[in-house]
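# An overview of the molecular structure
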Amino acid sequence: MRTAPDPADAEAALAAVPGDQRVAVVDAGFVGHVHALRLGLTDPRFPASAIPGALTAQPAARQALTRAVARTGVDPEVVAKSLEIDGTDVHRPELGELVAAVPADPQARNEARQALAAVDDEAIRLRTAVKARDGFFTTYCISPYSRYIARWCARRGLTPNHVTTASLLVAVIAAACAATGTRVGFVAAGVLLLASFVLDCTDGQLARYSLQYSTMGAWLDATFDRAKEYAYYAGLALGAANASGDDVWALALGAMVLQTGRHVIDFSFNEANHDAEANTSPTASLSGKLDSVGWTVWARRMIVLPIGERWALIALFTAFTTPRITFYMLLIGCALAACYTTAGRVLRSLTRKARRTDRAAQALRDLADSGPIAELVAKVGKTATAPVVAAVGAAAVVAVSALTDFGSAWPIVAAAVYCVTSGLAVARPLKGALDWLVPPIFRAAEYLTILFLAARADVQGALPAAFGLVSAVAYHHYDTVYRIRGNAGASPHWLVRAIGGHEGRTLVVTVLAALLTPTDFTLALTVLAVAVALVVLVESIRFWVLSARRGEPAVHDEGEPA
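I will try to describe carefully the structure that is included in this document. Here, residues in each chain are numbered from 1, in the same order as that chain's written sequence. Totals for whole chains, interfaces and linings use every residue, but because this is a predicted model, local features are given only for residues with pLDDT of at least 70 and side-chain atom pairs only at 80 or more, for both listing and counting. Each side-chain value is worked out from all heavy atoms of the structure, with water and hydrogens disregarded.

## Side note on the overall build of the protein
What the protein contains, in helices and strands, is 24 helices and 5 strands. For 562 residues, the compact-globule estimate of 2.2 N^0.38 gives 24 Å, and the protein sits close to it at 27 Å. By its C-alpha atoms, the protein is 90 × 60 × 45 Å across when sized along the principal axes. Between buried and exposed lies partly exposed: a residue is buried under 20% and exposed over 50% of the maximum accessible area for its type, with that area taken using a 1.4 Å probe on protein chains only. Counting every position in the protein, which comprises 562 residues, the buried fraction comes to 51%. The secondary structure listing takes helices from DSSP runs of H or I that are at least 4 residues long and strands from runs of E that are at least 2 residues long, numbered from the N terminus. C-alpha atoms define the radius of gyration, and 2.2 Å times the number of residues to the power 0.38 defines the globule rule.

## Some remarks on the nonpolar core
By convention a nonpolar core is built from buried Ala, Val, Leu, Ile, Met, Phe, Trp, Tyr and Cys residues, the set being connected through side-chain atoms within 4.5 Å. Tyr 233, Leu 253, Ile 314, Phe 327 and Phe 467 are the most contacted members of the largest nonpolar core, which totals 105 residues. Tallying contributions element by element places helix α21 (residues 462-485) first for this core, with 15 residues. Contacts were defined at the residue level, with two residues in contact if any of their heavy atoms lie within 4.5 Å. Dropping the residues within four chain positions of it, Phe 467 is found in contact with Tyr 230, Tyr 233, Ala 234, Trp 249, Ala 252, Leu 253 and Met 256. Counting residues in each nonpolar core, the second largest holds 18 residues, with Ala 10, Ala 48, Val 74 and Val 90 among its members.

## Quick notes on the packing of aromatic side chains
Given two aromatic rings, their pairing is described by the distance between the two centres and the angle made by the two planes. Any two rings among Phe, Tyr and Trp, with Trp reduced to its six-membered ring, count as a pair given centres within 6.5 Å; such a pair is stacked if its planes are under 30 degrees apart, edge-to-face if over 60, and tilted if neither. In total, this model carries 15 aromatic pairs according to the counting rule given. For the pair Trp 219 and Trp 544, a centre-to-centre distance of 5.8 Å together with 15 degrees between the ring planes defines the contact as stacked. Of this pair, Trp 219 sits in helix α10 (residues 215-244) while Trp 544 sits in helix α24 (residues 518-549), and the two are 325 residues apart along the sequence. Residue Trp 544 is classed as buried on the basis of its relative accessible area, which comes to 4%. Here the aromatic rings of Tyr 233 and Phe 327 are separated by 5.9 Å at their centres, their planes lie at 75 degrees, and the arrangement is edge-to-face.

## With respect to the state of the cysteines
Disulfides are defined in this document as cysteine sulfur pairs within 2.5 Å. Scanning the entire structure with this criterion turns up 0 disulfides. The structure places no disulfide on Cys 339, whose sulfur is separated from the nearest cysteine sulfur, that of Cys 334, by 11 Å.

## As for the packing of helix α11 (residues 249-272) against helix α20 (residues 438-457)
Axis definition: a line fitted to C-alpha atoms, limited for helices to the stretch in contact. Angles are taken between N-to-C directions and run from 0 to 180 degrees. Axis separation between α11 and α20 bottoms out at 9 Å; the angle between their running directions is 170 degrees. If you check the angle between α11 and α20, you find them roughly antiparallel. Contact with α11, carried on its side by Ala 250, Leu 253, Gly 254, Val 257, Thr 260, Val 264, Ile 265 and Ser 268, involves Pro 439, Pro 440, Arg 443, Tyr 447, Leu 448 and Leu 451 of α20 and no other residues of that element. Three classes are used: nonpolar for Ala, Val, Leu, Ile, Met, Phe, Trp, Tyr, Cys and Pro, charged for Asp, Glu, Lys and Arg, and polar for all others, with Gly counted as polar. Classifying every residue of the contact of α11 with α20 gives 10 nonpolar, 3 polar and 1 charged. When an angle is under 35 degrees it counts as roughly parallel; over 145 it counts as roughly antiparallel; between 65 and 115 it counts as roughly perpendicular; any other value is oblique.

## Here's the deal with the packing of helix α8 (residues 160-179) against α10
Contact geometry for α8 and α10: axes closest at 7 Å, N-to-C directions at 10 degrees. By the angle between their axes, α8 is roughly parallel relative to α10. Taken together, the residues of the contact of α8 with α10 sort by class into 14 nonpolar, 8 polar and 2 charged.

## Regarding the pattern of salt bridges
The term salt bridge refers to a pairing of a side-chain nitrogen on Lys or Arg with a carboxyl oxygen on Asp or Glu at a separation within 4 Å. Overall, the coordinates contain 23 salt bridges when judged by the stated rule. Across the pair Glu 271 and Arg 359 runs a salt bridge, and its minimum N-O distance is 3.3 Å. Note that Glu 271 is positioned in helix α11 and Arg 359 in helix α16 (residues 358-368), a separation of 88 residues in sequence. Residue classification places Arg 359 among the partly exposed residues on the basis of a relative accessible area of 29%. Arg 483 serves as the salt-bridge partner of Asp 479, at 3.0 Å between the closest nitrogen and oxygen. Taken together, the positions of Asp 479 and Arg 483, both in helix α21 and 4 residues apart, correspond to about one turn of that helix. Each member of the pair, Asp 479 as well as Arg 483, is classed as buried. One connected set of salt bridges, linked through shared partners, spans Glu 122, Arg 125, Arg 151 and Arg 155.

## Considering the sheet that holds strand β3 (residues 48-51)
Strands were regarded as paired on the criterion that DSSP finds at least two bridges between them. Here 3 strands make up an open sheet; going across it, the order is β1-β4-β3 and the pairing antiparallel. Both outer strands of the open sheet, β1 (23-26) and β3, are each paired with one neighbouring strand and no more. Taken over all neighbouring pairs, the strand axes of this sheet differ in orientation by 10 degrees on average, direction set aside. Together, β1, β3 and β4 (54-57) form the strand contacts of helix α2 (residues 34-41), whose direction differs from that of β3 by roughly 155 degrees.

## Comments concerning the side chain of Ser 540
Of note, Ser 540 is situated in helix α24. Given the relative accessible area of 0%, Ser 540 is considered buried. The contacts of Ser 540, once residues within four sequence positions are left out, are Trp 219, Tyr 475, Asp 479 and Arg 483.

## Observations regarding the pairing of β1
Burial of the side chains of β1 is restricted to one face: Val 23 and Val 25 are buried, whereas none of Ala 24 and Val 26 on the reverse face is. Here 4 bridges tie β1 to β4, and the two strands are oriented antiparallel to one another. The residue of β4 that forms the bridge with Val 26 is Ala 54.

## Structural notes on a nonpolar patch on the surface
Patch membership requires over 30% relative accessible area and the absence of a salt bridge. Like charges are linked within 9 Å, and nonpolar side chains (Val, Leu, Ile, Met, Phe, Trp, Tyr) within 5 Å. Methods summary: accessible areas were calculated by the Shrake-Rupley approach with a probe of 1.4 Å, and residue burial reflects only the protein chains presented. On the surface, a cluster of nonpolar side chains totalling about 280 Å² of accessible area is made up of Phe 136, Tyr 140 and Met 302. Looking at where Tyr 140 falls in the secondary structure, it is placed in helix α7 (residues 136-155). We classify Tyr 140 as partly exposed; its relative accessible area is 47%.

## Quick look at unusual backbone geometry
The phi angle at Asp 369 is positive, at roughly 60 degrees, despite the residue not being glycine. By the element assignment, Asp 369 lies in the loop between α16 and α17 (372-380). For Asp 458, which is not glycine, the phi dihedral falls at a positive 50 degrees.

The structure is reproduced here in structure tokens:
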């Protein structure tokens with residue numbers, strides 16, 4: 001019979017450990033797999049975690065642990081229940097086939113040891129390193145071997161951030177190869193782009209395999225994915241010009257706008273329904289039924305053109321066709337995917353009975369990225385049909401920018417109307433069924449206005465400058481999303497005001513197009529792109545570095561494939 005240690009002794013032992021360190025309480029009779037202990041005691045994402053026979057607490061939960069031990073003793077299961085009663089969230093990882101037990105007698109101990117020997121925990125560890133929900137290409141063409149690369153990296157002390165950085169470098173080299181404009185360069189670019197994607201899968205698998213989750217890592221992974229893709233678009237555009245003088249910058253910018261728009265739709269819809277009450281819908285029910293039919297699951301995942309399928313498409317067409325054809329195929333694929341996902345989400349929103357929370361409304365308002373002009377209008381105006389009002393203003397400024405001659409004053413008038421409608425759209429909390437469409441509408445209006453005005457300038461360098469400006473603004477919008485996902489709040493208000501908000505930037509670009517010559521307009525777009533990039537990058541890097549230094553809870557995105 002085991003005797004429990006004296007609570008006072010246990011409390012003294014806990015007090016002897018520095019307060020900034022994690023502590024664990026493990027029953028002396030514990031029988032289980034090493035990986036079960038690893039899952040229960042080393043995951044950095046949770047302040048407290050427990051499995052049968054073991055409990056851990058990070059610094060944030062140390063005081064609560066000490067109080068619980070003083071009251072109940074050191075039985076991990078009893079302590080865990082006491083922590084939960086006191087209001088501390090205790091994470092209990094899903095162990096599956098893994099063994100974790102405290103046998104009560106010799107027979108139970110013998111049975112536990114037999115179960116322990118019957119299961120290969122390393123095989124389970126390797127299998128669960130792969131994301132549970134992923135695209136067809138990633139699941140069947142990448143993950144079967146990338147998981148072994150992840151294990152190789154773990155055994156050599158490499159971190160997910162090392163692999164993420166390597167993936168970025170390989171993608172940049174791929175973009176440089178594409179920029180050469182030679183067939184050899186295009187083939188090399190396609191191969192290297194796929195190699196970069198293998199590393200992109202490996203970094204997440206390494207994080208899951210070794211439980212090396214971090215705030216900085218999640219941000220780098222998400223940010224570098226966008227940087228790689230857009231850098232590659234630019235490389236293709238340069239390669240087309242070097243190969244045959246073909247100007248495909250408008251297609252490159254269009255692909256970036258469309259892909260970013262798809263992500264904004266995803267982000268807005270998910271945030272709007274993050275904690276919606278009574279979240280039911282016949283459309284969602286039908287989707288659940290389709291998931292029971294095996295082939296429909298993969299078909300639906302492929303239709304949305306996730307990052308694996310998208311990069312495979314880009315790599316294949318880069319190697320064997322031209323940049324123009326590559327962009328055409330990418331635009332067609334992304335457009336079909338956007339129509340499919342948006343239609344489904346609109347149907348879900350219209351048919352579900354849900355009450356959206358203040359948190360969801362605030363997230364949508366943050367994603368809207370409204371500047372001082374829209375804020376001023378919002379204070380004096382009210383509207384009950386936010387998406388309609390936003391769409392009217394967006395359609396006006398985009399259509400006028402696309403259809404009038406460069407230098408016309410009409411885009412300024414349309415942009416002024418857009419500023420007013422943008423303010424009216426956010427004048428009340430965004431809790432309507434389709435209010436999640438407001439941020440995507442704003443993104444489309446701003447990005448497409450810049451694209452069309454640059455195209456209308458019809459001068460060398462205008463579209464690349466517009467590409468740079470949209471890239472800088474898109475980075476700001478993605479950064480806002482990642483902050484919200486990490487429960488860190490949106491970008492600071494001063495930053496949004498400093499770069500004008502979406503409506504302010506749109507107005508400025510239309511004024512520049514009306515007042516300047518095409519050549520001067522190109523220079524102005526370049527200056528604006530550099531200025532916005534510097535401001536948002538400096539603030540973003542400062543924020544994420546400080547977050548990592550403060551030891552804020554680690555995050556790891558296991559959501560939809562990007």
